[in-house]
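Breakdown of the fold
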Amino acid sequence: MAMIASTNGMRHLARFVPRNANLMVVRAASQAAAAQAKTPEPKKAAPVAQVKKFSVYRWDPDKSGDKPHMQTYEVDLTQCGPMILDALIKIKNEVDPTLTFRRSCREGICGSCAMNIAGGNTLACIARIDTDCSKTTKIYPLPHMYVVKDLVPDLSNFYVQYASIQPYLKRKDESQLGKQQLLQTKEDRAKLDGLYECILCACCSTACPSYWWHGDKYLGPAVLMQAYRWIIDSRDEAMGERLDALRDPYSVYRCHTIMSCTKTCPKHLNPGRAIGEIKKMLAGLEGKGTTPPEQ
């Protein structure tokens, strides 16, 4: 019996000791964590400032006697986003609230922030900042356009020209519009690729020397590319009417295939090719060449 009692006592002891041991381990871990929390972390070194200069075109028509001039701003690139538009927004928010420019989507879709940056037309929201702080980045409004204020060009004539090409589907029997779908073959739909993506930012038109000289009569690369997009659309039935509207010495034929439009397009489209195709259609060398869709 003594042996049994002794054995039972050992069993009770074996059950009791691990519980105390676990409690002690938990307490030790808590104390270590508390000590670690009290120990201050070493401070990270502040990033070295990277000051970049931006020379921006300024002109305020509401300010008496103000003349166009360049104004230089300094921006710390370590506290700024990577795009030119980020720098302009930072300048406007933190340095000079009078700076005026257009912007909207910040994704290269709306075309609002088109301007001349470092000598080339592009979108400020997708143009990366040159991180070489020894160079000053120069920013102007789109060239050869009337300026509303600062970096805002007057695009009124551009939009009037765009409206003149009637950028919408035209059907002979418009009484049936909306009653059934207008089908296209995959081949006809593929012809619109590289055309419909145009966002009408006017980068190409304002980079074209012919548009600088004859902007009042020559429609320019952007508008002509959109005209071609509707001319070759298999669902449109006004090809002859659209081509006849372009049969004059200026609307199309002022294009001299300089190709500045294609080089500067921020969407990597080819307005020069579209204009060449229109010329071939006007000369009777090309047609719409559509195929009937499967029913």
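As shown above, the structure is provided for reference.
Keep in mind that what you see is a predicted model, and the values were worked out from it rather than measured. (Residues numbered from 1 in each chain as written. Predicted model: local features only at pLDDT ≥ 70, side-chain atom pairs only at ≥ 80, totals over all residues. Heavy atoms only, no water.)

1. Describing the side chain of Asp66
Tracing the backbone shows Asp66 in the loop between strand S1 (51–58) and strand S2 (69–76). Despite being buried, Asp66 has no salt bridge partner; Lys63 is the closest side chain of opposite charge, sitting 5.1 Å away. Of note is the side chain of Asp66, whose polar atom sits 2.7 Å from the backbone nitrogen of Asp60. When near neighbours in sequence (up to four residues on either side) are disregarded, Asp66 contacts Trp59 and Asp60. (Helix = DSSP H or I, 4+ residues; strand = E, 2+ residues; numbered from the N terminus. Buried < 20%, exposed > 50% of the residue type's maximum accessible area, 1.4 Å probe, protein only. Lys, Arg positive; Asp, Glu negative; His and termini not counted. Salt bridge = Lys/Arg side-chain N within 4 Å of Asp/Glu carboxyl O. Polar contact = N/O pair within 3.5 Å; in protein donor to acceptor, adjacent residues only side chain to side chain. Contact = heavy atoms within 4.5 Å.)

2. Some thoughts on the nonpolar core
The biggest cluster of nonpolar side chains holds 65 residues, and the ones touching the most others in it are Ile84, Leu88, Met115 and Ile139. Taken together, the elements giving at least two residues each to this core come down to S1, S2, helix H2 (84–94), strand S3 (114–117), helix H3 (156–164), helix H6 (221–231) and helix H9 (271–282). Per-element accounting of this core gives the leading share, seven residues, to H6. Residues in contact with Met115, not counting those within four places in the same chain, are Leu88, Phe101, Gly120, Asn121, Thr122, Ala124, Ile139, Tyr140, Leu142 and Leu151. (Core = buried A, V, L, I, M, F, W, Y, C linked by side-chain atoms within 4.5 Å.)

3. A look at the pattern of salt bridges
Evaluated as defined, the whole model comprises 13 salt bridges. With a shortest N-O distance of 3.5 Å, Lys191 and Asp188 are connected by a salt bridge. Exposure remark for Lys191: the relative accessible area of 30% places this residue in the partly exposed category. The closest approach of N and O atoms between Asp236 and Arg242, which form a salt bridge, is 2.9 Å. For the pair formed by Asp236 and Arg242, the shared burial category is buried.

4. Focus: the sheet that holds S3
Strand order in the open sheet formed by five strands is S2-S1-S5-S3-S4, with mixed pairing between adjacent strands. Single-partner strands in this sheet number two, and they are S2 and strand S4 (120–123). With direction set aside, neighbouring strand axes in the sheet form an average angle of 35°. One ladder, built from eight bridges, connects S1 with S2; its direction is antiparallel. Pairing of Val56 across the sheet is with Gln71, part of S2. Of the strands in this sheet, S1, S2, S3 and strand S5 (137–140) are in contact with H2, which crosses S2 at around 95°. (Pairing = 2+ DSSP bridges. Axes fitted to C-alpha atoms, helices over the stretch in contact; angles between N-to-C directions.)

5. Comments concerning the environment of Ala207
Residue placement: Ala207 occurs in the loop between helix H4 (186–190) and helix H5 (209–214). Spatially, the C-alpha atoms of Ala207 and Asn121 are 6.9 Å apart, while their sequence positions differ by 86 residues. Among residues more than four places away in sequence, those in contact with Ala207 are Asn121, Trp212, Ser260 and Thr264.

6. Points about the packing of aromatic side chains
With the rule as written, the count across this model stands at three aromatic pairs. Between Tyr57 and Tyr140, the ring centres sit 6.3 Å apart and the planes meet at 45°, which makes this aromatic pair tilted. Linking Tyr57 in strand S1 with Tyr140 in strand S5, this pair joins segments that are 83 residues apart in sequence. For Tyr57, a relative accessible area of 15% translates into the label buried. For Tyr140, a relative accessible area of 30% gives the class partly exposed. A centroid spacing of 5.5 Å and a plane angle of 70° characterise the contact between Phe158 and Tyr159, whose relative ring orientation is edge-to-face. (Phe/Tyr/Trp six-rings, centres within 6.5 Å; stacked < 30°, edge-to-face > 60°.)

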